[in-house]
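# Coordinate inspection notes
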Amino acid sequence: MSLRVLDVPAPDGRTLHVHDDGEPGDGRVPVLVHHGTPGSGAPDPLALTDARERGLRLIGYDRPGYGGSTRSAGRVVADVAQDVEAVANGLGLERLLTWGASGGGPHALAAAVLLPDRVRAAALLAGVAPYGVRGLDWFAGMGEDNVEEFDAARAGEEPLRAFLDKHRPEVLAATPETLADTMRTILPPVDVAALSGPYAQHMHRSMSDALATGYEGWLDDDLAFVTGWELDLAALDVPVLVVAGGQDLMVPYAHGRWLAEHVPGAQAWLQDDEGHLSLHRGIGRVHEWLLERWAD
């Protein structure tokens, strides 16, 4: 079985590049995946294999400005709702499940809050928490490169462009074998171990595809994370799972703890010994949790 790759139109004339592990009417439960930052929408092999075994149909898409999707300059996190609607409509899906990892976490959460008639449940893996909220030191425990990145984002578009001008070529020059070295200030030992073999190949391909034509998706993600989500968490009315790792240097553990405490009704799996990337080894449990909510 191979992924179906297609472009679907968004209401404002943009195009969204979609990676669909299914066909209309195949009977499998649809799960929309929101990729990390930076990244592209092709699902990783471990998640794809597990989903197929469980009768799930994984669907990914490149967020605006990444890979094959048209940029949406100035987007906020809540704007993802119109893109989820566009993908679902383009694929003929009335209801779906969703999960997001890292920078995809806020987008999965926004879809759950804003589209309760379409999204049955959402899971956040090492998801970013809102910036500037009470009770969260957003930078505490964050690795050096990410502190530099988000300091630049807080300073505005031009300082962030200077950061990305430096780091995009480093990502594109890396290989699956050297990617961990490129990310060394934000990888604890458990993530260095995870970033190997097929998963390293997937991460390298995802980031390379995302940044092949530019860094605008990365730029717009970062600015959205630090300038407000335009999202009322109190409006949430669907089940949400928060998964976070205590060793995470990209999205520190405090983000997961804050989300666990402030997302209404959230179930939390807070895992002291896991990192950021290593959480993906438990994707089967996440799929199982989502599938149980589909049946509710």
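Below, the structure is looked at part by part. (Residues numbered from 1 in each chain as written. Predicted model: local features only at pLDDT ≥ 70, side-chain atom pairs only at ≥ 80, totals over all residues. Heavy atoms only, no water.)

## Looking at the pattern of salt bridges
Selection rule: In what follows, salt bridge is the name for a side-chain nitrogen of Lys or Arg lying within 4 Å of a carboxyl oxygen of Asp or Glu. The secondary structure listing takes helices from DSSP runs of H or I that are at least 4 residues long and strands from runs of E that are at least 2 residues long, numbered from the N terminus.
Following the criterion strictly, the structure yields 18 salt bridges and no others. Put simply, Asp 50 and Arg 54 hold a salt bridge, and the shortest N to O gap is 2.8 Å. Taken together, the residues Asp 50 and Arg 54, both in helix H1 (residues 45-54) and four residues apart, mark about one turn of the helix. Linked through salt bridges whose partners overlap, the residues forming this network are Arg 4, Asp 20, Glu 23 and Arg 57.

## As for the sheet that holds strand E4 (residues 56-61)
Note the threshold: Strands pair, by our definition, only if DSSP identifies at least two bridges between them. Here the axes come from fitting lines to C-alpha atoms, over the contacting stretch only for helices, and the angles between their N-to-C directions go from 0 to 180 degrees.
Taken together, eight strands build an open sheet; the order of strands is E1-E2-E4-E3-E5-E6-E7-E8 and the sheet is mixed. Both outer strands of the open sheet, strand E1 (4-9) and strand E8 (267-271), are each paired with one neighbouring strand and no more. The sheet shows a mean angle of 20° between the axes of neighbouring strands, taken without regard to direction. Bridge count between strand E2 (residues 15-20) and E4: three bridges; the pairing is antiparallel.

## Observations regarding the nonpolar core
Taken as a class, soluble globular proteins show a tendency for nonpolar side chains to be buried jointly. Applicable threshold: The term nonpolar core refers to a set of buried residues drawn from Ala, Val, Leu, Ile, Met, Phe, Trp, Tyr and Cys, joined through side-chain atoms within 4.5 Å. Type-normalised accessible area, obtained with a 1.4 Å probe on protein chains alone, sets the label of each residue: buried when under 20%, exposed when over 50%, and partly exposed for intermediate values.
Counting residues in each nonpolar core, the largest one holds 78 residues, and the members touching the most others are Val 87, Leu 109, Leu 195 and Val 240. At seven residues, helix H2 (residues 80-91) tops the list of elements feeding residues into this core. The next biggest cluster of nonpolar side chains, apart from the first, holds 23 residues, and it includes Val 33, Leu 58, Ala 101 and Leu 290.

## Some remarks on empty space enclosed by the protein
Over the atoms rolls a probe the size of a water molecule, and its path tells where empty space is left. What counts here: The distinction between a cavity and a pocket rests on a 1 Å grid over the protein atoms alone: a 1.4 Å probe fits inside a cavity but cannot get out, while a pocket stays open yet meets protein on both sides within 12 Å along at least five of seven lines, and a residue with an atom within 4 Å of a point counts as lining. Grid points are joined across faces, edges and corners, and a volume is the space filled by probe spheres set on the points. Here the term charged refers only to Asp, Glu, Lys and Arg, the term nonpolar to Ala, Val, Leu, Ile, Met, Phe, Trp, Tyr, Cys and Pro, and the term polar to all other amino acids, Gly among them.
Counting across every chain of the model gives three cavities of 30 Å³ or more. Considering only enclosed or pocket space, the largest cavity measures out at about 680 Å³ in volume. In terms of lining, the largest cavity is formed by 44 residues, of which the most central are Gly 36, Thr 37, Pro 38, Ser 102 and Met 203. Taken together, the residues of the lining of the largest cavity break down into 23 nonpolar, 16 polar and five charged. Quantified by volume, the second largest cavity comes out at close to 60 Å³. Lining the second largest cavity are Arg 14, Tyr 61, Arg 63, Pro 64, Ser 72, Arg 75, Val 76, Asp 79, Val 80, Gln 82, Asp 83 and His 107. Among the elements that line the lining of the second largest cavity, the one with the most residues is H2, at three residues. Broken down by class, the residue content of the lining of the second largest cavity amounts to four nonpolar, three polar and five charged.

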